[in-house]
Structure formats: structure tokens, C-alpha cells
Amino acid sequence: MALTDALGNLVDFCLLPGQAHDLRGTAALIEGLSCRQLLADRAFDANWVREALAEAGIEAVIPPKSNRRFPAEFDRDTYKWRHLIENFFGKLKEYRGIAMRCCKTDTSYSAFIAIVATVIRLR
């Protein structure tokens, strides 16, 4: 999971097991976050995420899941900017070691992601 700024630069990330749902690492990423809006995909459409963001004064720009009885409203024009996070993952996967997860430990893999994110930002 990754958190980027409005320009698509990495702010924070956390590693999750492959079988874990994205919501498992969300609380750690949004804790202490200060921004006006948070753009996320449908996987993050949970009541507790929306409530935590509202308490922090952050607008949740998250499309509702299709099975919601009362779907939440979201700004479709602002949501179009979420492609920047996908672009960041694309740039990150240009490095074969990250795309294939060549590192044996989570610590070394996290360090490699931090180094590559720095290189991407310096471009």
C-alpha cells in the first residue's frame, strides 16, 4: 500500500501479505494524516475509513461499492486524479527487483522501495 501526494510522489507505504485485504494497513497510513482530500479506490469504501477521515477533517473521495444500500457521494472530477497513484506503481515496477520481489526479507524490500521512490522523485 502506498500513500502519495498530489503530484504522485511517495509519502508513505506499508507492506502487506499477498493474501491480506488493503484495509488491514489503512489505519496505519491515515493516522496523523493532514490533507484536504484522500482519493482511494472502491476497496477502501468502509464506514470506519470514512469516519476516521471525517474526524480528521479530510474529504473522502472514494467511490462506493456496488453492494452498498445507501451509496455515499463522491466528487467524480477529483477522483480522475487517482491515476497518479497508478502511475507511481507503474514507475516503481519499471525496476525489475521490485516487480519480481527479488529481496528475501521485508526489511530489504522496504529499503529498496524507498531508494527507488527517491530516484523516481529526483527524475
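First, a word on what this report is: a plain description of the structure on this page. These numbers come from a predicted model, not from an experiment. (Residues numbered from 1 in each chain as written. Predicted model: local features only at pLDDT ≥ 70, side-chain atom pairs only at ≥ 80, totals over all residues. Heavy atoms only, no water.)

Here we take up the pattern of salt bridges. Pairs may arise between side chains of opposite charge once their charged atoms sit close together. Summed over all chains, the structure comprises six salt bridges. Where Asp 77 meets Lys 80, a salt bridge forms, and the shortest distance between an N and an O atom there is 3.8 Å. The class for Lys 80 is exposed, based on a relative accessible area of 57%. Residues participating in the shared-partner salt-bridge network are Asp 45, Arg 50 and Arg 68. (Salt bridge = Lys/Arg side-chain N within 4 Å of Asp/Glu carboxyl O. Buried < 20%, exposed > 50% of the residue type's maximum accessible area, 1.4 Å probe, protein only.)

Those residues of helix 2 (residues 47–55) that fall on the buried side of the exposure criterion are Val 49, Arg 50 and Leu 53. One side of helix 2 carries all its buried residues, which in axial view fall inside an arc of 95°. When the buried face of helix 2 is taken as reference, the exposed residues oriented beyond 90 degrees from it are Ala 54 and Glu 55. As for helix 2, its buried residues are in contact with helix 1 (26–30), strand 3 (37–39) and strand 4 (59–61). Backbone geometry just downstream of helix 2 places Gly 57 in the positive-phi region, at approximately 80°. (Helix = DSSP H or I, 4+ residues; strand = E, 2+ residues; numbered from the N terminus. Arc of directions from axis to C-beta. Contact = heavy atoms within 4.5 Å.)

Inspection of the secondary structure puts Cys 35 in the loop between helix 1 and strand 3. As for Cys 35 and Phe 13, which are separated by 22 residues in sequence, their C-alpha atoms are 16 Å apart. Setting aside its immediate chain neighbours within four residues, Cys 35 contacts Gly 57 and Ile 58.

Now for the packing of helix 4 (residues 83–92) against helix 6 (residues 106–122). Pairs of packed helices are described in terms of their axes, by the angle between the two and the distance that separates them. The contact between helix 4 and helix 6 brings their axes to 10 Å, and the two run at 110°. Relative to helix 6, the element helix 4 lies roughly perpendicular. Residues Phe 88, Lys 91 and Leu 92 of helix 4 pack against Ile 113, Val 116, Ala 117 and Ile 120 of helix 6. (Axes fitted to C-alpha atoms, helices over the stretch in contact; angles between N-to-C directions. Parallel < 35°, antiparallel > 145°, perpendicular 65-115°, else oblique.)

This part is about the environment of Lys 91. Residue placement: Lys 91 occurs in helix 4. According to the relative accessible area criterion, Lys 91 is partly exposed, its value standing at 37%. In this structure the C-alpha to C-alpha distance between Lys 91 and Ile 120, which are 29 residues apart in sequence, comes to 7.4 Å.

Any link to function would need more than the numbers given here.
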